[in-house]
Amino acid sequence: MLNPMIVILILLVPVTGLITYYDVRFRRIPNAFVLATLVSGLIINVTGGGWSGAMTSLKGGALAFGLMLFLHIFSAMGAGDVKLFGAIGSVIGVSSVFETFLIVLITGGVLAIFVSIRNGKLRETWNRVFLIFINLFSGWQPPRFPAPTDRQATIPYGVAITVGTLISLTIFRH
């Protein structure tokens, strides 16, 4: 029987390529890719662990979805990114979600710096991030900034999610 990690990587490497292409080119993550990832995660975990695997997969999906939903509420994340990380949570299972989330945030930060520099908006971006954190930690309502009209000025966070997940799986090797 194949090592479950190899099966997961066989699934996630092509998904990473597809999502990177679509997110960079169109700033959208097709629901078909998200659904295929979710169903594949359930199948992999049920095959490898029966009902226990199903629960690991479902809990991982729910936790990952909830973590990204929190960021979505503050307009820091698109709905496609929330759904994608939820689907990835179903693949990696509940025990890997927090460390993967941390790596995804770091990967997203690096990507945000790159995009901000490319667009000449590094100072504006970091001022906004600073305002969000100051308000969040002081208990005030964080400001909501309008989405840029130029979609190329947005961050293709699906790239950070998929690449960060692969980095996390490589580092932590569950």
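Residues numbered from 1 in each chain as written. Predicted model: local features only at pLDDT ≥ 70, side-chain atom pairs only at ≥ 80, totals over all residues. Heavy atoms only, no water.

S.K.: Teacher, can you tell me more about the nonpolar core here?
M.R.: Nonpolar side chains tend toward joint burial in soluble globular proteins. Counting residues in hydrophobic clusters, the biggest one holds 33 residues, and the most contacted among them are Leu12, Met68, Leu84, Phe85, Tyr157 and Ile161. For this core, the secondary-structure elements that each account for two or more residues are α1 (4-26), α2 (31-73), α3 (79-92), α4 (97-118) and α6 (157-172). Ignoring any residue separated from it by four or fewer positions in sequence, one finds Leu12 in contact with Ile88, Val91, Thr165, Leu166 and Leu169. (Core = buried A, V, L, I, M, F, W, Y, C linked by side-chain atoms within 4.5 Å. Buried < 20%, exposed > 50% of the residue type's maximum accessible area, 1.4 Å probe, protein only. Helix = DSSP H or I, 4+ residues; strand = E, 2+ residues; numbered from the N terminus. Contact = heavy atoms within 4.5 Å.)

S.K.: Mind showing me how you'd approach α6 here?
M.R.: Its 16 residues give α6 an end-to-end C-alpha distance of 22 Å, which sits within 8% of 22 Å, the value for a rise of 1.5 Å per residue. Restricting attention to buried positions, one finds in α6 the residues Tyr157, Gly158, Val159, Ala160, Ile161, Thr162, Gly164, Thr165, Leu166, Ser168 and Leu169. One or two positions beyond α6, positive phi appears at Arg173, with a value near 35 degrees. (Expected span 1.5 Å × (residues − 1).)

S.K.: Can you walk me through the environment of Met55 in this structure?
M.R.: By the element assignment, Met55 lies in helix α2. Separated by 38 residues in sequence, Met55 and Gly93 have C-alpha atoms that sit 8.6 Å apart.

S.K.: So what exactly am I meant to see when it comes to the packing of α3 against α4 here?
M.R.: When two helices pack together, their arrangement is given by the angle between the helix axes and the distance between those axes. α4 packs onto α3 with a crossing angle of 135 degrees between their chain directions and a minimal axis gap of 10 Å. Relative to α4, the element α3 lies oblique. Once α3 is placed against α4, the crossing between them reads as right-handed. Counting all contacts with α3, which are made through Phe85, Gly89 and Ile92, the residues of α4 involved are Val97, Thr100, Phe101 and Val104. By residue class, the composition of the contact of α3 with α4 is five nonpolar, two polar and no charged. (Axes fitted to C-alpha atoms, helices over the stretch in contact; angles between N-to-C directions. Parallel < 35°, antiparallel > 145°, perpendicular 65-115°, else oblique. Left-handed = near helix turned anticlockwise from the far one by under 90°. Nonpolar A, V, L, I, M, F, W, Y, C, P; charged D, E, K, R; others polar.)

S.K.: Is there a simple way to explain α4 in this structure?
M.R.: Given 3.6 residues to a turn, an α-helix orients residues that are three or four positions apart in the same direction. Between its first and last C-alpha atoms α4 spans 31 Å; for 22 residues at 1.5 Å apiece the expected length is 32 Å, and the two agree. Buried within α4 are the following residues: Val97, Thr100, Phe101, Ile103, Val104, Thr107, Gly108, Leu111, Ala112, Val115 and Ser116. Residues of α4 that are buried sit in contact with α2, α3, α5 (122-138) and α6. Where α4 terminates, the next one or two residues include Gly120, which has phi positive at roughly 70 degrees.

S.K.: Honestly, the pattern of salt bridges in this entry has me stumped. Any pointers?
M.R.: Proximity of charged atoms lets side chains of opposite charge pair with each other. One pass over the structure, following the stated rule, counts one salt bridge. Across the pair Glu124 and Lys121 runs a salt bridge, and its minimum N-O distance is 3.8 Å. Assessed through its relative accessible area of 35%, Glu124 is described here as partly exposed. According to the relative accessible area criterion, Lys121 is partly exposed, its value standing at 39%. (Salt bridge = Lys/Arg side-chain N within 4 Å of Asp/Glu carboxyl O.)

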